[in-house]
Amino acid sequence: MTLAAGSRLGPYEILAPIGAGGMGEVYRAKDPRLKREVAIKVLPASFSQDADRLRRFEQEAEAAGGLNHPNITAVYDLGTADGAPYIVTELLEGETLRSRLGAGALSPRKAIDYAIQTAKGLAAAHEKGIVHRDLKPENLFLTKDGRVKILDFGLAKLKPEKESGQTDLKTVSATEPGVVLGTMGYMSPEQVRGKPADRRSDIFAFGTIFYEMLSGQRAFRGETAADTITAILTKEPPDLSQTNKDIHPGIDRIVRHCLEKNPEERFESARDVAFDLEALSGVSATGGMAAEISPAIRRRRILPLLAGTAVLLLVIGAVYLAGKKAGYVEPPSFRQLTFRRGTISFARFAPDGQTILYGSAWEGRPVEIFVSRSESPESRPFGLAGADILGISRSGEMALSLGRHIVGPFESSGTLARMGVAGGGAPREVLEDVEWADWPPDGGSLAVVRDVNGRNRLEFPIGKVLYETAGWISHPRVSPKGDLIAFLDHPVRGDDGGSVAVVDRNGKKTTLPGAFETVQGLAWSPRGEVWFTGARSGANRALYASAVSGNPRLLARVTGILTLHDVTRDGRALMTHDTNRQEILARGPGLEKERDLSWLDWSQATDLTPDGKTLLFSESGEGGGPGYSVYVRKMDGSPAVRLGEGSAGGLSPDGKWALAAIRQATDPQLVLYPTGAGEPRFIPREGLRIQRPAWFPDGKRLAVTANEPGHGPRIFIWDIAGGKPRPLTPEGYRNLPRAVSPDGKFIAVRGPDQKLYLYPTAGGEPTAVPGATPEDTPAGWSGDGRSLYVYRRRELPARTFLLDVTTGEKRLWKELMPADSAGVTGIAPPIITPDGSFYAYSCLRTLSDLYLVEGLK
């Protein structure tokens, strides 16, 4: 149907044609009843011949008409004229995103702005149960005043679908070689397979559009529809940093999280996407501050000029950024309670709300419990050396950790015990190898976190498993009513990134929106909110609050790192202001003593070349960026060279490739970075969540600890040239650093029973390593393959031995400990050359000051 100017369509007067396409013709028209101009899309008459399709269209159009959102085109009316259905919408002035992309990529600032608006529009529709199904640049309109409008909600349902579930390519694109593909390039994997589309399908399409806005290139494109389908189903788009050097790593991570092949692994909602983008909207493409700086950020910029002490930094730096109207807001007050040099691990209020007990290791001495009062800067020892405090019940009984020792990065364990805050007598031991514990309101059985058969589990009461993971769990806290437990869920061992979760007494788990690069510290507020400290990018944790079914809001931010420990019934909080650094100490050729090779704030030594001249390491803190960074550095102290995003996994035997895992905190993927000239090589995930990779000496295979969905970790052998990874062990086995023997015949592993084994790579039964104890952690093989370097992970200094794998004979190789031991809480597995001549190791140093915080709202 073609309409001439001056003709009528129902009550509407046609003014002029606007455009035409496969879904119909669009006209500018006038509504004489309301004296306004509108847009009318007239659909082909053939659509009205299918009653079911027309009914579905009318239902969807009516639902879209009920949407009232600034980023969705308003639907005013729908009807039928001369057998052709039509839809009446607001008239927009501007251009489509497709037209704008004709000039190339957008600036990162503009792309983020458009992406946030689009995500908010999608979120509004999804919350009404409406899915677009055909999101693409043609369906995003950019008005002259800079607003994004999503077009054509409901029209995607009119496209024919094959009853067999197979997509008809002719309905979505041309198939001749060289033809630019339209809708097909934006369809999700489930759509091209003919499966139903839901809100996560829209999120995938959103990711392809965002990628195109930033890069100027299609995320998935082929010469034919079949080529494009293959790309959508099996390939990753090129790294955004290859197409636009100004892209912030956090933006790239958001795009790739939208483009996950498995819908279960994408963002759960468009509102989460918008939330994460807004968190980055104040960061420029290169990682500096954007031109438009909020007043709160401007205040933080002048802090170095105003602050004379740490307490002033905290008082002035604490700001409210969420849910506050214009006008002055009284910031919370921070009162410093401790003044010594060392690490505070746990701090809790006693039932009176004024007495504070905390565990600390001052000046490099072993941890012990101290007692303080909120009105006094003085602390006194409780009188229980070697103990740490996990929780205090309302009746005044403490949950203690005795003999607490390191079991891995960020993880410690000890014997759970009970004792009154008044002291007297000895602690009563309850359960061994407990990492965390908390009391319910009634002071009954404790909630605990511990490792069982290689999986970290939350139990409440002890023995009843509410949640378990191949990653790790931290900071469990029972709600004031005792019906819920909030905790921090970390998907990857050795990484403190993750999310906040809540589980009920039946094991039903709810994950709060948003992922954090680091998240540590959690407590329940008097209003029943979950308060926690985390950072969406970098390492500087801020204080957030969230209802169990809501988005987190920012409560306070300071310069540096905050860790929440406890909250009273009247809303006062205990927090530490932490200075966290991970340092690298090393001895290379020509050096008689250790050299500090730390680069940024969180340097993790990962591998050395056999000659001891080149070090591979990661930066995973504030300096490393949202996706972390992989570096190589000469041991002579010359500047480090950044290879790319991710966490380092090891150098290939010839030293030409660095293995790394990108998106470590969400869904890790292996990548090979050339240490010299060349391009990165991505290794397909193959449906596995990767935890620890190691090279075989042939440089062609990897030994990888990974887990399949719903299963515990085990070891796979992975040919990097391609092919499905081959499982080697049952669940519960994990490979260890530089685990593969020099001849490639054995892998040093830790079994479900925490014992050390040598697992034959050709298959067969593992052999226990004689002379090894559960405290011994392998750090690599000697050059002759006869011995393992092992270090005592539970000890400081870290004693390292050579252990003969045949006889069990063990001899001390070296004790590792920085000369300045204050605040050193752990030493990572040392990196030792096969001949034992050179080495590098990382140590974690945390210096804490405890604060009483009041005025949080």
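Up top is the structure.
Attention here is on the structure that accompanies the text. Quick caveat, the model's predicted, so the values are computed rather than measured.

### Describing the sheet that holds strand β19 (residues 436-438)
Reasoning step 1: With antiparallel pairing, four strands are arranged side by side in an open sheet as β19-β20-β21-β22. Sheet topology places β19 and β22 (465-469) at the edges, where each strand pairs with a single neighbour. Averaged over all neighbouring strand pairs, the angle between strand axes comes to 20 degrees, with direction disregarded.
Reasoning step 2: Bridging between strand β20 (residues 447-452) and strand β21 (residues 455-459) involves five bridges; their strand directions are antiparallel. Residue pairing for β21: V452 is matched across the bridge by R455.

### Side note on unusual backbone geometry
Reasoning step 1: Residue P461 is reached from F460 by a cis peptide bond, and omega for that bond is -5 degrees.
Reasoning step 2: Position of P461 relative to the elements: it lies in the loop between β21 and β22.
Reasoning step 3: For N453, which is not glycine, the phi torsion reads 55 degrees and is therefore positive.
Reasoning step 4: Note on placement: N453 falls in the loop between β20 and β21.
Reasoning step 5: Residue N453 is classed as exposed on the basis of its relative accessible area of 58%.
Reasoning step 6: Phi is positive for H475, which is not a glycine, with a value near 50 degrees.
Reasoning step 7: Counting through the fold element by element, H475 comes out in strand β23 (residues 472-478).
Reasoning step 8: Relative accessible area serves as the criterion here: at 12%, H475 is assigned to the buried category.

### Details of the pairing of strand β5 (residues 75-81)
Reasoning step 1: Two elements, β5 and strand β6 (residues 84-90), share six bridges in a ladder whose sense is antiparallel. Bridging across to β6, G79 finds its partner in Y86.
Reasoning step 2: Connecting the antiparallel pair β5 and β6 is a turn made up of two residues, with D82 showing a positive phi of about 50 degrees.

### Some words on the packing of helix α3 (residues 108-127) against helix α5 (residues 199-215)
Reasoning step 1: At a minimum axis separation of 10 Å, α3 and α5 run at an interaxial angle of 165 degrees. Between α3 and α5, the angle is such that the two are roughly antiparallel. Like other packed secondary-structure pairs, α3 and α5 cross with a definite hand, here right-handed. Only R199, D202, F206, F210, M213 and L214 of α5 make contact with α3, whose side of the interface consists of P108, A111, I112, Y114, A115, T118, A119, L122 and H126.

### Re the packing of α5 against helix α8 (residues 249-258)
Think of two packed helices as two axes; the pair is described by the angle between the axes and how far apart they sit.
Reasoning step 1: Contact geometry for α5 and α8: axes closest at 7 Å, N-to-C directions at 145 degrees. Every pair of crossing elements has a handedness; the one defined by α5 and α8 is left-handed. For the pair α5 and α8, contact is made by I203, F204, F206, G207, F210, Y211 and L214 and by I251, V255 and C258, respectively.

### As for the pattern of salt bridges
Reasoning step 1: Enumeration according to the criterion identifies 45 salt bridges in this entry.
Reasoning step 2: The residue R536 makes a salt bridge to D276 at a minimum N-O spacing of 3.0 Å. Placement of R536 in the loop between β28 (530-535) and β29 (542-546) and of D276 in helix α9 (residues 270-280) is noted, with a sequence separation of 260 residues between them.
Reasoning step 3: The exposure class assigned to R536 is buried, which follows from its relative accessible area of 12%.
Reasoning step 4: Overall, D276 belongs to the buried group, its relative accessible area being 11%.

What counts as what
- Residues numbered from 1 in each chain as written.
- Predicted model: local features only at pLDDT ≥ 70, side-chain atom pairs only at ≥ 80, totals over all residues.
- Heavy atoms only, no water.
- Pairing = 2+ DSSP bridges.
- Helix = DSSP H or I, 4+ residues; strand = E, 2+ residues; numbered from the N terminus.
- Axes fitted to C-alpha atoms, helices over the stretch in contact; angles between N-to-C directions.
- Buried < 20%, exposed > 50% of the residue type's maximum accessible area, 1.4 Å probe, protein only.
- Parallel < 35°, antiparallel > 145°, perpendicular 65-115°, else oblique.
- Left-handed = near helix turned anticlockwise from the far one by under 90°.
- Contact = heavy atoms within 4.5 Å.
- Salt bridge = Lys/Arg side-chain N within 4 Å of Asp/Glu carboxyl O.

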